[in-house]
Amino acid sequence: MEEEAPKALYVHVPFCLAKCSYCDFYSVVKTSGAVEKYLAALRKELELTAEERTQDFSTIYVGGGTPTALSADELAQLLSTLCGQVAFAAPVEFTVEANPGTLDADKLHVLRIHGVNRLSIGAQSFDDGLLKLLGRRHNSRDILDVLAAAREADFTNLSLDLIFGIPTQGPSDWERDLDELLRCNVPHVSAYSLTYEENTPLARRAAAGQLERVSEADELTMYETVIDGLTTEGYEHYEISNFARPDFRCAHNEVYWANAAYLGLGPSAASYISGERRRNASSLTDYVARLGAGELAVGFRERLAPEKRARETAVMNLRRTHGIDFDEFQRRTGFNASALLGEELQVLAQEGLIQVGERSAALTRRGLMVADTVLSELV
Ligand code: SF4
């Protein structure tokens with residue numbers, strides 16, 4: 001079984017300008033003073049994880065939260081800290097998540113000079129009414145403006161996130177969103193169906209009958225529309241929710257789908273190293289206090305048994321449209337995929353949900369439509 005040092009680094013920036021109605025990512029509304037404490041704690045965490053950083057990172061992903069909710073000066077401090085303490089491979093894919101309305105020329109300059117070469121922009125919708133329903137602070141004009149500003153600053157590796165299945169949204173509204181998306185001509189797109197995460201205002205409103213969920217049939221239609229629409233336009237559908245022009249896949253997320261090692265820093269960030277999974281406390285206060293006391297702020301730690309680890313690898317691999325590569329699987333887990341999963345794969349194949357070949361297995365189109373159910377069969 002392959003044990004590897006992490007080559008992917010995730011840094012969680014836990015600040016947003018306001019909380020969106022559907023969001024269950026860990027973030028707090030930015031206040032003065034909190035950023036300074038966060039940056040000091042992050043420096044300490046980098047120091048304490050130095051021994052785990054034995055390889056140069058080939059991908060770095062600064063996500064959140066909203067990293068671009070930081071001021072240009074705060075962003076510069078964050079990125080200087082990373083550049084000063086972290087060894088990057090060459091070339092490195094260095095992504096920062098950005099929200100429309102939070103990125104100006106000064107911040108773009110800061111990102112550029114620190115080596116950031118990819119922006120993942122949380123557009124979510126081009127329909128201002130739907131953006132409002134989601135509790136987003138930006139409008140469709142802001143999306144076009146941020147793309148123009150990013151291009152002006154020489155960023156070409158741009159990704160847009162979109163959400164479908166938003167209450168009141170119908171298939172024709174989604175088609176309009178996709179037309180607008182195609183006009184933006186970005187090389188990478190992530191398109192997710194809306195999930196009603198527990199304890200979010202959106203889920204509470206749905207439970208109280210104050211808004212109506214989109215029907216399953218409409219949601220499937222929207223998913224098929226995005227697959228067909230983007231692949232027809234030359235995007236590769238390479239993961240359940242992700243589409244890329246040639247050479248523009250997100251290398252960082254491919255590490256997750258390979259179930260390879262990664263290191264996560266910041267409140268709530270997860271790490272997966274040598275079969276151990278851990279997650280930092282989802283509390284900025286705890287994170288700051290524990291690192292201030294000189295210890296890691298781990299809130300949860302679990303060592304996976306080899307078979308569980310192999311099954312999780314299969315589930316993650318099947319998110320990719322090329323699925324499980326049996327040789328890669330054996331190398332990574334020590335298990336023969338056919339011996340471990342053969343029976344389950346055959347049943348799913350008979351149902352037309354998985355296609356099993358000589359050396360690989362992947363979800364079929366039908367399987368993609370019910371991916372969560374199919375993947376839960378293999379855990
Ligand atoms: S901007 Fe992103 S992380 Fe922040 S509240 Fe909205 S969805 Fe959550």
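As the structure is a computational prediction, the values presented were derived from the model and not from experiment. (Residues numbered from 1 in each chain as written. Predicted model: local features only at pLDDT ≥ 70, side-chain atom pairs only at ≥ 80, totals over all residues. Heavy atoms only, no water.)

Focus on the site of the ligand
Surrounding the ligand, one finds C16, A18, K19, C20, Y22, C23, G65, T66, N99 and R136. In the shell around the ligand, the residues fall into five nonpolar, three polar and two charged. (Near = heavy atom within 4 Å. Nonpolar A, V, L, I, M, F, W, Y, C, P; charged D, E, K, R; others polar.)

Some remarks on the packing of aromatic side chains
Counted according to the given criterion, the structure contains nine aromatic pairs. Relative to Y287, the ring of Y38 has its centre 6.3 Å away and its plane inclined at 35°; by these criteria the two rings are tilted. With a gap of 249 residues between them, Y38 in helix α1 (residues 34-48) and Y287 in helix α10 (residues 284-292) connect regions that are remote in the sequence. Taking the relative accessible area as the measure of exposure, Y38 reaches 0% and is therefore buried. Overall, Y287 belongs to the buried group, its relative accessible area being 0%. With a centroid separation of 5.2 Å and 45° between ring planes, the pair formed by F164 and W174 is classed as tilted. Taken together, the residues span a long stretch of sequence, with F164 in strand β7 (residues 158-164) and W174 in helix α6 (residues 171-184) at a distance of ten residues. (Phe/Tyr/Trp six-rings, centres within 6.5 Å; stacked < 30°, edge-to-face > 60°. Helix = DSSP H or I, 4+ residues; strand = E, 2+ residues; numbered from the N terminus. Buried < 20%, exposed > 50% of the residue type's maximum accessible area, 1.4 Å probe, protein only.)

Thoughts on the sheet that holds strand β16 (residues 354-356)
Strand order in this open sheet of three strands is β15-β17-β16, and the pairing throughout is antiparallel. Looking along the sheet, the strands with just one partner apiece sit at the ends: β15 (324-325) and β16. Bridging between β15 and strand β17 (residues 360-363) involves two bridges; their strand directions are antiparallel. When the bridges of β17 are listed, I324 appears paired with A361. (Pairing = 2+ DSSP bridges.)

Side note on the packing of α1 against α10
Two elements in contact, α1 and α10, have axes whose closest approach is 9 Å; the angle formed by their N-to-C orientations is 50°. Classified by the interaxial angle, the pair formed by α1 and α10 is oblique. For α1 against α10, the interelement crossing comes out left-handed. Residues A34, K37, Y38, A41, L42, K44, E45 and L48 of α1 pack against L284, Y287, V288 and L291 of α10. Residues of the contact of α1 with α10, tallied by class, amount to nine nonpolar, no polar and three charged. (Axes fitted to C-alpha atoms, helices over the stretch in contact; angles between N-to-C directions. Parallel < 35°, antiparallel > 145°, perpendicular 65-115°, else oblique. Left-handed = near helix turned anticlockwise from the far one by under 90°. Contact = heavy atoms within 4.5 Å.)

Observations concerning helix α3 (residues 105-113)
Inspection of α3 places K107, L108, V110 and L111 among the buried residues, and these make up the whole buried set. Angularly, the buried residues of α3 cover 160° about the axis, an arc narrow enough to put them on a single face. In α3, the exposed positions angled more than 90 degrees off the buried face are occupied by A105, D106 and I113. Of the surrounding secondary structure, the elements contacted by the buried residues of α3 are α2 (72-85), β5 (88-98), β6 (118-124) and α5 (140-152). (Arc of directions from axis to C-beta.)

Thoughts on the domain arrangement of the protein
Along its sequence, the protein is carved into domain 1 (8-258) and domain 2 (306-376). On a C-alpha basis, the centres of domain 1 and domain 2 stand 28 Å from each other. If you look at the interface, domain 1 gives 14 residues, while domain 2 gives 15 residues. For the pairing of domain 1 and domain 2, the buried interface totals around 1200 Å² over both sides, and the portion due to carbon and sulfur atoms is 55%. Taken as a group, I240, W257 and A258 account for 43% of the area that domain 1 buries against domain 2, more than any other trio of residues on that side. If you look at where domain 1 meets domain 2, you find three salt bridges. (Domains from an automatic or database assignment. Buried area = accessible area lost by both parts, 1.4 Å probe. Salt bridge = Lys/Arg side-chain N within 4 Å of Asp/Glu carboxyl O.)

A look at unusual backbone geometry
A cis amide bond links G64 to the next residue, G65, at an omega of 25°. Between A90 and the following residue, P91, the backbone shows a cis peptide bond with an omega angle of 0°. Looking at where P91 falls in the secondary structure, it is placed in strand β5. In the Ramachandran plot, T168 falls in the positive-phi region, its phi being about 80° despite a non-glycine side chain. Inspection of the secondary structure assignment puts T168 in the loop between β7 and α6. Given a relative accessible area of 67%, T168 falls into the exposed group. Even without glycine at this site, N185 takes up a positive phi of about 55°. With respect to the helices and strands, N185 occurs in the loop between α6 and β8 (188-193). Using a relative accessible area of 44% as the deciding quantity, one classes N185 as partly exposed.

Focus on the pattern of salt bridges
Inspection of every chain in the model, using the stated rule, returns 22 salt bridges. A salt bridge links E236 to R249, with the nearest nitrogen and oxygen atoms 2.6 Å apart. Here the residue E236 occupies a position in strand β9 (residues 236-239), and R249 occupies one in the loop between β10 (242-244) and α9 (251-258), the gap between them amounting to 13 residues. One salt bridge in this structure joins E328 and R320, with 2.9 Å as the shortest N-O distance. Overlapping salt bridges bring together R277, E302, K308 and E312 as one network.

Topic: the nonpolar core
In this structure, Y38, L119 and L160 are the most contacted members of the largest nonpolar core, which totals 89 residues. Tallying contributions element by element places α1 first for this core, with seven residues. When near neighbours in sequence (up to four residues on either side) are disregarded, L160 contacts I121, A123, F126, I143, L147, L181, C184, V186, H188, V189 and S190. Ranked by size, the runner-up nonpolar core spans 16 residues in total, among them A8, Y61, A244 and V255. (Core = buried A, V, L, I, M, F, W, Y, C linked by side-chain atoms within 4.5 Å.)

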